[in-house]
Amino acid sequence: MPDGSLYIEQDEELINSLRQNSSAKRKAEEQLFTKYMYFIREGMHRYSLTEEEAFDAYSDCILQAINNIVTGIFAQQASIKTYLYRIFNNKCVDLIRKKTTNKQGIHQTAEISHWMEMISDAAKTVVQQLMDKTDIEILKIKLNQLADNCRQMLSMFAEGLSDKEIAYAMEYKSADVVKTSRLRCLDKLKQLYKY
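Throughout this description, residue numbers start from 1 for each chain and increase along the sequence as written. Side-chain atom pairs in this predicted model are given and counted only at pLDDT of 80 or more, local residue features only at pLDDT of at least 70, and totals for whole chains, interfaces and linings cover all residues. Derived side-chain values reflect all non-hydrogen atoms in the structure, with water molecules and hydrogen atoms excluded from consideration.

Trainee: Which residues make up a nonpolar patch on the surface, and what are the values?
Mentor: Together, Ile-138, Leu-139 and Tyr-193 line one region of the surface with nonpolar side chains, adding up to about 240 Å² of accessible area. Topologically, Leu-139 is positioned in helix H7 (residues 121-144). A residue counts toward a patch only above 30% relative accessible area and without a salt bridge, and it is joined to like-charged neighbours within 9 Å or, for Val, Leu, Ile, Met, Phe, Trp and Tyr, to nonpolar neighbours within 5 Å. Method for areas: the Shrake-Rupley scheme with a 1.4 Å probe, in which residue coverage is limited to the protein chains shown. Note on definitions: salt bridges are taken to be side-chain nitrogens of Lys or Arg within 4 Å of carboxyl oxygens of Asp or Glu. Each helix is a run of H or I in the DSSP string that is no shorter than four residues. Each strand is a run of E no shorter than two, and both are numbered from the N terminus.

Below, the structure is given as structure tokens:
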């Protein structure tokens, strides 16, 4: 088994690559993503999550870790593996809490649906069309604020292409990397909706 200094050296190389704006960054992101994918199975067993839920928690974990490394929040007081493991466990616990909370609030109706029930079918169609049109216009504005690769990836996904097909078309290493990148793009899109 390698000594601790080798792990520190490998972490340093990875951190330096992630902080670059080059192809080395993308390669480091892929390396980080694939290196600890076994966390997904661990999350499934430890927290009784589905594979998709564990994968989403893992993807969120990687995105947060990359952001924290790039912005300097990661203070290197622990190894990357330990740091990722803490984030991943917190993401799994958050997911369980969210599922539990959603089950309790499932019978609450949204205010808009209450009003939609009170109007006639003809008016309902018109109101729904106006809402849909407004939503599409807002979405277009928000999408235009994203980077080109995010826009392209989300458009391809919306058109029904699989992550594997997108990986091939956009020359990504794997469908898993596309899924992580797509989730990152969706997260950026969600952030734009908050402002």
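Trainee: Explain the layout of surface pockets to me, and be specific about the residues and the numbers.
Mentor: In this structure, the largest pocket occupies an estimated 1,000 Å³ of space. Lining the largest pocket are 35 residues, with Asp-60, Leu-63, Leu-183, Arg-184 and Asp-187 positioned closest to its centre. Looking at the lining of the largest pocket, the elements that each hand over two or more residues are helix H2 (23-35), helix H4 (51-71), helix H5 (80-104), helix H8 (148-158) and helix H10 (175-194). Residue composition of the lining of the largest pocket, by class: 14 nonpolar, seven polar and 14 charged. Grid points spaced at 1 Å and placed over the protein atoms alone form the basis of the search, with a cavity being a set where a 1.4 Å probe fits but cannot get out and a pocket an open set showing protein on both sides within 12 Å along at least five of seven lines. Lining residues have an atom within 4 Å of a point. Grid points are joined across faces, edges and corners, and a volume is the space filled by probe spheres set on the points. Residue polarity is assigned by list, with Asp, Glu, Lys and Arg as charged and Ala, Val, Leu, Ile, Met, Phe, Trp, Tyr, Cys and Pro as nonpolar; anything else, Gly included, falls into the polar class.

Trainee: Give me the packing of H2 against H4: which residues, what numbers.
Mentor: The convention used is that axes are lines fitted to C-alpha atoms, helices contributing only their stretch in contact, and that angles between N-to-C directions extend from 0 to 180 degrees. Close contact between H2 and H4 brings their axes to 10 Å; oriented N to C, the two are set at 140°. Between H2 and H4, the angle is such that the two are oblique. As for how H2 packs across H4, the hand of that crossing is right-handed. Residues Lys-25, Glu-29, Leu-32, Phe-33 and Thr-34 of H2 form the contact with H4, whose participating residues are Phe-55, Tyr-58, Ser-59, Ile-62, Ile-66 and Val-70. Per-class residue counts for the contact of H2 with H4 are seven nonpolar, two polar and two charged. Small angles under 35 degrees read as roughly parallel and large ones over 145 as roughly antiparallel, with 65 to 115 read as roughly perpendicular and the rest as oblique. Note on convention: near helix rotated counterclockwise from far helix by under a right angle means a left-handed crossing. Clockwise means right-handed. Between two residues, a contact is recorded if the distance between any of their heavy atoms is within 4.5 Å.

Trainee: Just give me the short version of the pattern of salt bridges, but keep the residues and values in it.
Mentor: Summed over the entire model, instances satisfying the criterion amount to six salt bridges. The salt bridge partner of Arg-151 is Asp-148, with a shortest N-O separation of 2.2 Å. Separated by three residues within a single helix, Arg-151 and Asp-148 lie in helix H8, roughly one turn from each other. Residue Asp-163 is joined to Arg-182 by a salt bridge in which the shortest nitrogen-to-oxygen separation is 2.9 Å. Of this pair, Asp-163 sits in helix H9 (residues 163-170) while Arg-182 sits in helix H10; the two residues are 19 residues apart in sequence, bridging distant segments of the chain. Burial classes: relative accessible area under 20% of the type maximum marks a residue as buried, over 50% as exposed, and values in between as partly exposed (1.4 Å probe, protein chains only). For Arg-182, a relative accessible area of 7% gives the class buried.

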